[in-house]
Amino acid sequence: MKKGPNTVLMTWLLVLLGGLLWNAALFAAPLLRQEAPVVSAMIYAAFSPVCHQIPERSFFFRGFPLAVCGRCLGIYLGFSAGTILYPFLRRFSRPFLPATSIFVLVSLPIGLDTAGNFLGLWASPIGLRLAAGLVWGSVLPFYLITGLYEVLRLFGGNFRLKSPGQTK
Amino acid sequence: MNDHKPNMLAPALIGGAVAGVLSGIPFLNCFCCLWIIGGAVLASYLLAKDSPVSLTSGDGAIVGALAGISAAVVDSLVGIPLHGLNVAVMRRMMERLSEFADEMPSGWENWLDRTGGGVSIAMFFMGLFISAAVFAALGALGGIIGTSLFGKKKAQGAEIAH
């Protein structure tokens, strides 16, 4: 196996695992609200600097709101969905950044929705916020995998997966 | 990353300061993580502006992560004078939550009273550590996006060397 694809595979696995853990924490906060309130409060607190956590704009799970609002949930779920799709679209060849036009296109829904709500032009239903976040979030792993791949190559060299029986 | 690229610290501090201030103000924090990503994009833009050569996505990730960490520090510092306001906002949110939630844990009304008098130094640094980790991840993402938008230089620009 060549060095390049191995590093891409390791990068993809890191991003996939990180994204899944991140999303699991969103659901763990309400899930643990009764059984482990301190842990639950810590998870809510961890996400509070990056989300307003307004209950009316959040989805509920087991009677309590998730750790982030509907729009943020869409971004993070979209991120994991994009990460799962990554190997089918790019395989494990050397990663490259998406075209600017694609970024602009997927940013339009969330940009318009956020601006319109902030300016009081309209109040989007939570489902629309989720959808706008999903679209935007799905393209983000294509950026993170490319950037992380470069950083890992720079600081960590190439990761090599050992085949069975290989000593070095 | 190489000798031709400018120092990342100044762009990271500026981008982080902007993101930290904006995300720390209660009314403006409705933009959620977009401030952090936006601040890191700004850091990446500032780095690209001063760089005679094209930036890699790795450059963007590093400057973005640094911007995220500095944003966490600024956000925490901004949060100190606004602590009372934040507690009031949290209290209103908890009251609204109690209307929506099926069953609130006992004694939830007292949670905020315990923190209403201030934040301990240990709690402050623990919160800062967690914020720094979360902000660095989002910042790295923003930095890479910024690189894709502003990082490329034309061929003749790449030949301008110090």
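These figures come from a predicted structure and were not determined experimentally.

### Let's talk about the overall build of chain A
Move 1: Each helix and strand in chain A was counted, giving six helices and two strands.
Move 2: Across the 168 residues of chain A, 39% fall into the buried class.
Move 3: In chain A, the share of contacts with a sequence separation of at least 24, taken over all contacts with a separation of at least 6, comes to 75%.

### Focus: the environment of G156 of chain A
Residue and element names in this part refer to chain A.
Move 1: Note that G156 resides in helix α6 (residues 140-156).
Move 2: On the basis of neighbour count, G156 is assigned to the exposed category, with 10 C-beta atoms found within 10 Å.
Move 3: Sequence spacing of G156 and T7 is 149 residues, and the spatial spacing of their C-alpha atoms is 9.8 Å.

### With respect to the interface of chain A and chain B
Move 1: In this complex, chain A contributes 33 residues to the contact, which on the side of chain B involves 34 residues.
Move 2: Put simply, the parts of the chain that give the side of chain A that touches chain B at least two residues each are α2 (37-47), β2 (64-65), α3 (70-90), α4 (100-118) and α6 of chain A.
Move 3: Per element, the largest residue contribution to the side of chain A that touches chain B is nine residues, and it comes from α6 of chain A.
Move 4: Residues of the side of chain A that touches chain B, tallied by class, amount to 21 nonpolar, eight polar and four charged.

### Notes on the packing of α3 of chain A against α6 of chain A
All names here are of chain A.
Move 1: It is at 8 Å that the axes of α3 and α6 come closest, and there the two elements cross at 65°. As α3 runs across α6, the sense of the crossing is right-handed. Where α3 approaches α6, its residues F79, G82, T83 and Y86 are matched on the opposing element by L140, P141, F142 and I145.
Move 2: Taken together, the residues of the contact of α3 with α6 sort by class into six nonpolar, two polar and no charged.

### Some details on α2 of chain A
Move 1: Listed as buried for α2 of chain A are S40, I43, Y44 and F47 of chain A. Looking straight down α2 of chain A, one finds its buried side chains confined to an arc of 100°; they lie on one side.

### Digging into unusual backbone geometry
Residue and element names in this part refer to chain A.
Move 1: Phi angles above zero are rare outside glycine, and Q53 is one such case at about 55°.
Move 2: Mapped onto the elements, Q53 comes out in the loop between α2 and β1 (60-61).
Move 3: Of note in this structure, R62 is not a glycine but carries a positive phi near 55°.
Move 4: Relative to the elements of secondary structure, R62 occurs in the loop between β1 and β2.

### Remarks on α4 of chain A
Move 1: The first and last C-alpha atoms of α4 of chain A sit 25 Å apart over 19 residues, in line with the 27 Å expected at 1.5 Å per residue.
Move 2: The largest bend in α4 of chain A comes to about 40°, at L108 of chain A, with the proline P109 of chain A one to four residues further on.
Move 3: Contact partners of the buried residues in α4 of chain A: α5 (126-137) of chain A together with α2 (34-50) of chain B.

### Observations concerning the packing of helix α1 (residues 9-24) of chain B against helix α3 (residues 57-79) of chain B
All names here are of chain B.
Move 1: Packing of α1 against α3 leaves a shortest axis separation of 7 Å and a crossing angle of 40°. Compared by their axis directions, α1 and α3 come out oblique. As α1 runs across α3, the sense of the crossing is right-handed.
Move 2: Split by residue class, the contact of α1 with α3 holds 15 nonpolar, eight polar and one charged.

### A few points about the confidence of the model for chain A
Residues and elements named next belong to chain A.
Move 1: On average, residues of chain A carry a pLDDT of 88, and 90% of them reach 70 or more.
Move 2: Of all the helices and strands in chain A, α2 carries the lowest mean pLDDT, 88, while α3 carries the highest, 96.
Move 3: The low-confidence segment residues 159-168, where pLDDT is below 50, has seven contacts with residues more than four positions distant or belonging to other chains.

### Overview of the confidence of the model for chain B
Residue and element names in this part refer to chain B.
Move 1: In the predicted model, chain B carries a mean pLDDT of 79, and the fraction of residues at 70 or more is 67%.
Move 2: Note on residues 156-162: pLDDT is under 50 here. Beyond four places in sequence and across chains, it has eight contacts.
Move 3: Among the prediction metrics, the complex's ipTM stands at 0.81, with pTM recorded as 0.81.

### Some remarks on the environment of L47 of chain B
All names here are of chain B.
Move 1: Relative to the assigned elements, L47 resides in helix α2.
Move 2: On the basis of neighbour counts, which here come to 30 C-beta atoms within 10 Å, the residue L47 falls in the buried class.
Move 3: Separated by 99 residues in the primary sequence, L47 and G146 place their C-alpha atoms 9.7 Å from one another.
Move 4: In contact with L47, other than residues within four places in its own chain, are P6, M8, P11, L55, D59 and V63.

Cut-offs used in this document
Residues numbered from 1 in each chain as written. Chains lettered and ligands numbered in written order. Predicted model: local features only at pLDDT ≥ 70, side-chain atom pairs only at ≥ 80, totals over all residues. Helix = DSSP H or I, 4+ residues; strand = E, 2+ residues; numbered from the N terminus. Buried ≥ 20, exposed ≤ 12 C-beta atoms within 10 Å, placed from the backbone. Contact = placed C-beta atoms within 7 Å. Nonpolar A, V, L, I, M, F, W, Y, C, P; charged D, E, K, R; others polar. Axes fitted to C-alpha atoms, helices over the stretch in contact; angles between N-to-C directions. Left-handed = near helix turned anticlockwise from the far one by under 90°. Arc of directions from axis to C-beta. Expected span 1.5 Å × (residues − 1). Bend = angle between axes of the 7 residues up to and from the residue. Parallel < 35°, antiparallel > 145°, perpendicular 65-115°, else oblique. pLDDT = per-residue confidence, 0-100.

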